[in-house]
Amino acid sequence: MNTAIVSGATGFIGSTLVNYLLNNKYKVIALGRKSFSDIKLSRLKPHENLIYIKIDMENISNLKNILDKNHKKFITKNSFFYHFAWGGDHSLSDLKVKSQLKNVIWTNEALNISEEIGIKKFIFVGTMEEEFTKKYLDLNYKEDSFYNRHVIYALAKLAARKTLKASFNKKNIKIIFATNSHVMGPKDDRDSFLQTTLKKVLLNEDLILAPCDQYFDVISSLDCARAYRLIGERGRSFENYWIGSGKPRILKEYVKIIAQMYSYKKSLNFSGLSINEIPLNKNDFSIENLKKDTGFNPSMTFEETVKLLQETTFAKL
């Protein structure tokens with residue numbers, strides 16, 4: 001039986017992965033900052049193969065002692081560490097440089113602990129914002145005025161990647177880098193653009209939008225969890241995998257699909273707001289590397305994903 005340690009296990013994507021792995025006969029050690037009693041049942045429930053450890057990432061170096069005392073038997077020859085945990089002072093991607101950079105140190109400590117306890121693969125979970133930030137780093141700031149509020153967060157993510165590459169011992173552990181497109185799925189209560197759009201469509205509220213003419217991609221949370229499992233089992237060390245639908249679209253197309261699905265009665269205004277962000281290209285969302293190495297293929301359409309979200313999160317609207 002495989003074992004997975006999942007940091008950030010109480011978040012939407014992390015908890016979806018935990019439950020998916022448990023349903024596929026994994027032993028899971030879930031790490032989170034909350035007490036188990038404070039976690040929503042929609043996220044995590046007691047399970048015979050689940051160990052939950054309340055631990056803040058700043059104390060991740062204590063994980064080995066905790067496991068040695070209580071849960072050492074959970075670590076097997078095929079054990080993976082999925083590193084989702086990340087945070088700022090007030091939010092995941094706030095503008096606090098100091099708090100964001102602390103995550104770089106904690107990520108490296110998580111890798112060191114993984115090596116010590118015999119983890120086979122360490123999977124670092126990236127963010128789509130890193131792809132935007134790579135393009136921002138090539139700009140001339142005396143001439144260009146593009147802006148993205150997530151740049152500080154994404155720079156810390158990029159720094160963590162470089163630190164991991166520089167510090168790991170390839171004889172002891174394999175490192176894999178993974179980044180997912182925007183994730184939607186059952187009981188997703190995050191305040192993201194498409195979730196907000198869906199809610200306003202269901203309530204028939206006005207939608208005042210930017211042009212939404214940049215490429216975007218959405219993957220169901222269930223497909224995303226399956227991809228992470230395959231990356232743990234079949235992914236190659238030092239590879240960078242993008243987890244997505246394989247069919248990126250212009251952002252306004254997603255909005256139009258949602259409006260059509262729920263017979264939105266008002267006109268869509270794509271000129272009510274202005275943005276000044278550097279866009280991603282269609283090829284930035286390629287999942288060919290993931291498909292080739294792991295055999296992953298998405299199973300859910302965007303329409304199916306939206307319907308499942310509506311039925312579980314917005315059913316009362």
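Rules and cut-offs
Residues numbered from 1 in each chain as written. Predicted model: local features only at pLDDT ≥ 70, side-chain atom pairs only at ≥ 80, totals over all residues. Heavy atoms only, no water. Phe/Tyr/Trp six-rings, centres within 6.5 Å; stacked < 30°, edge-to-face > 60°. Helix = DSSP H or I, 4+ residues; strand = E, 2+ residues; numbered from the N terminus. Buried < 20%, exposed > 50% of the residue type's maximum accessible area, 1.4 Å probe, protein only. Lys NZ or Arg CZ within 6 Å of the ring centre and 35° of its normal. Pairing = 2+ DSSP bridges. Axes fitted to C-alpha atoms, helices over the stretch in contact; angles between N-to-C directions. Contact = heavy atoms within 4.5 Å. UniProt positions renumbered as here; feature names shortened; annotations may be inferred. Core = buried A, V, L, I, M, F, W, Y, C linked by side-chain atoms within 4.5 Å. Expected span 1.5 Å × (residues − 1). Parallel < 35°, antiparallel > 145°, perpendicular 65-115°, else oblique. Left-handed = near helix turned anticlockwise from the far one by under 90°. Nonpolar A, V, L, I, M, F, W, Y, C, P; charged D, E, K, R; others polar.

### Some details on the packing of aromatic side chains
- Taken as a whole, this structure holds 12 aromatic pairs when the rule is applied.
- Here Phe 216 and Tyr 254 contribute two aromatic rings whose centre-to-centre distance is 6.2 Å and whose plane-to-plane angle is 80 degrees, an arrangement assigned as edge-to-face. In this pair, Phe 216 sits in strand E8 (residues 215-216) while Tyr 254 sits in helix H8 (residues 251-261), placing the two residues 38 residues apart along the sequence. The exposure classification of Phe 216 matches that of Tyr 254, with both residues buried.
- Lying over the aromatic face of Phe 74, Lys 27 brings its terminal NZ or CZ to 5.3 Å of the ring centre.

### Thoughts on the sheet that holds strand E10 (residues 240-243)
- Here 7 strands make up an open sheet; going across it, the order is E3-E2-E1-E4-E5-E6-E10 and the pairing parallel. Each having just a single partner strand, strand E3 (50-54) and E10 make up the two edges of the open sheet. The average angle at which neighbouring strand axes cross in this sheet is 20 degrees, direction not considered.
- Helix H7 (residues 221-234) rests against strand E4 (79-83), strand E5 (121-125), strand E6 (174-180) and E10 of the sheet, and its axis sits at about 145 degrees to E5.

### Let's talk about the UniProt feature "domain: NAD-dependent epimerase/dehydratase" (unreviewed entry) in the protein chain
- When the UniProt feature table is mapped onto this chain, "domain: NAD-dependent epimerase/dehydratase" (unreviewed entry) is found at residues 5-244.
- Between the end C-alpha atoms of residues 5-244 the distance is 23 Å, and the span holds 38% helix and 18% strand.

### Topic: the nonpolar core
- One finds Val 6, Val 18, Tyr 82, Leu 194, Tyr 228, Ile 243 and Phe 302 to be the most contacted residues of the largest nonpolar core, which totals 67 residues.
- Here this core takes 7 residues from helix H1 (residues 12-23), the largest share from any one element.
- Not counting residues within four places of it along the chain, the set of residues in contact with Ile 243 comprises Ala 178, Thr 179, Asn 180, Ser 181, Ile 219, Cys 224, Ala 227, Tyr 228, Ile 231, Ile 287 and Leu 290.
- The next biggest cluster of nonpolar side chains, apart from the first, holds 32 residues, and it includes Ile 60, Trp 86, Tyr 153 and Phe 168.

### Topic: H7
- In this model H7 runs 20 Å from its N-terminal to its C-terminal C-alpha over 14 residues, within 8% of the 20 Å that 1.5 Å per residue would give.
- Residues of H7 that are buried: Ser 221, Asp 223, Cys 224, Ala 225, Ala 227, Tyr 228, Leu 230, Ile 231 and Gly 232.

### Some details on the packing of H1 against H7
- Here H1 crosses H7 at 65 degrees, and the two axes come no closer than 9 Å. Regarding the angle of H1 to H7, the classification is roughly perpendicular. Here the hand of the crossing between H1 and H7 comes out right-handed. Residues Phe 12, Ile 13, Thr 16, Leu 17, Tyr 20 and Leu 21 of H1 pack against Ser 221, Cys 224, Ala 225, Arg 226, Tyr 228 and Arg 229 of H7.
- Looking at the contact of H1 with H7 residue by residue, the class counts come to 8 nonpolar, 2 polar and 2 charged.

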